[in-house]
Amino acid sequence: MDDAGTFLAFGSQGGELAKLGTHKRPAVVRVRSFEKGEDIVALCNEHGWQVIVGVEEDEPEDTSDVEWLLSTLSDAPKVAAKPRLPPKISGNDYCPCGSGKKFKKCCGAAGSSS
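Quantities reported herein were computed from a predicted structural model and do not represent experimental measurements.

Q: Is there a simple way to explain the nonpolar core in this structure?
A: Considering soluble globular proteins, one finds that nonpolar side chains tend to be buried as a cluster. Of all hydrophobic cores here, the largest spans nine residues; its members are L20, A27, V29, V31, I40, C44, W49, V66 and L69. Elements with a contribution of two residues or more to this core: β1 (27-31), α2 (34-47) and α3 (64-80). Broken down by element, the residue count for this core peaks at three residues, all from β1. Beyond its immediate stretch of four places on either side in the chain, L20 contacts R25, P26, A27, D65, W68 and L69.

Q: Help me understand the pattern of salt bridges, please; the structure alone is not making it clear to me.
A: One side chain can pair with another of opposite charge once the charged atoms of both are near each other. Under the criterion given, the structure shown has one salt bridge. A salt bridge links K36 to E61, with the nearest nitrogen and oxygen atoms 2.8 Å apart. With K36 in helix α2 and E61 in the loop between β2 (51-55) and α3, the pair connects residues that are 25 residues apart, well separated along the chain.

Q: Could you clarify how one ought to interpret the side chain of T63 in this entry?
A: Looking at the secondary structure, you find T63 in the loop between β2 and α3. Those residues in contact with T63 that sit more than four places away from it in its chain are V29, R30, V31 and I40.

Q: Honestly, the packing of aromatic side chains in this entry has me stumped. Any pointers?
A: Aromatic ring pairs: the centre-centre distance and the angle between the two ring planes describe each pair. All told, the structure shown has zero aromatic pairs when counted by the stated rule. Lying over the aromatic face of Y94, K102 brings its terminal NZ or CZ to 5.0 Å of the ring centre.

Q: Even after reading the chapter, I still don't get the pairing of β1, so can you show me in this structure?
A: Both faces of the sheet carry side chains from a regular strand, because those side chains alternate between them. Alternating positions in β1 separate cleanly, A27, V29 and V31 being buried on one face and V28 and R30 remaining unburied on the opposite face. As paired elements, β1 and β2 share five bridges and run parallel to each other. Paired with R30 across the strands is G54, a residue of β2.

Q: How do you make sense of the environment of G54 when you look at a structure like this?
A: With respect to the element layout, G54 can be found in strand β2. A sequence separation of 23 residues divides G54 from V31, and the C-alpha atoms of the two residues are 6.3 Å apart. Setting aside chain neighbours within four positions, we find G54 in contact with V29, R30 and V31.

Cut-offs and rules
- Residues numbered from 1 in each chain as written.
- Predicted model: local features only at pLDDT ≥ 70, side-chain atom pairs only at ≥ 80, totals over all residues.
- Heavy atoms only, no water.
- Core = buried A, V, L, I, M, F, W, Y, C linked by side-chain atoms within 4.5 Å.
- Buried < 20%, exposed > 50% of the residue type's maximum accessible area, 1.4 Å probe, protein only.
- Helix = DSSP H or I, 4+ residues; strand = E, 2+ residues; numbered from the N terminus.
- Contact = heavy atoms within 4.5 Å.
- Salt bridge = Lys/Arg side-chain N within 4 Å of Asp/Glu carboxyl O.
- Phe/Tyr/Trp six-rings, centres within 6.5 Å; stacked < 30°, edge-to-face > 60°.
- Lys NZ or Arg CZ within 6 Å of the ring centre and 35° of its normal.
- Pairing = 2+ DSSP bridges.

Okay, here's the thing in structure tokens:
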């Protein structure tokens, strides 16, 4: 890889890769026909992805970047489906009711005396 390609792939923090499909790291695709290239550009525009499409009739097609971006779309609901639990409150934490007292002397004490 040449120095210019390395510069485009890395973010401003040095060493961190930019997200695929963004302006700093566009998806790169090689297709054999102009029509297929237009279809890929339309698909990427629907999702807001940046893409560079090259039409080369004599070379094998390479659509791996766009395929990877599409596979991440199907993974997104799995991550979003995991519920977040509220933070645990111990006795030495301040009470969430806003009284300024420790939880064990405020709302936590009401639950322990039965």
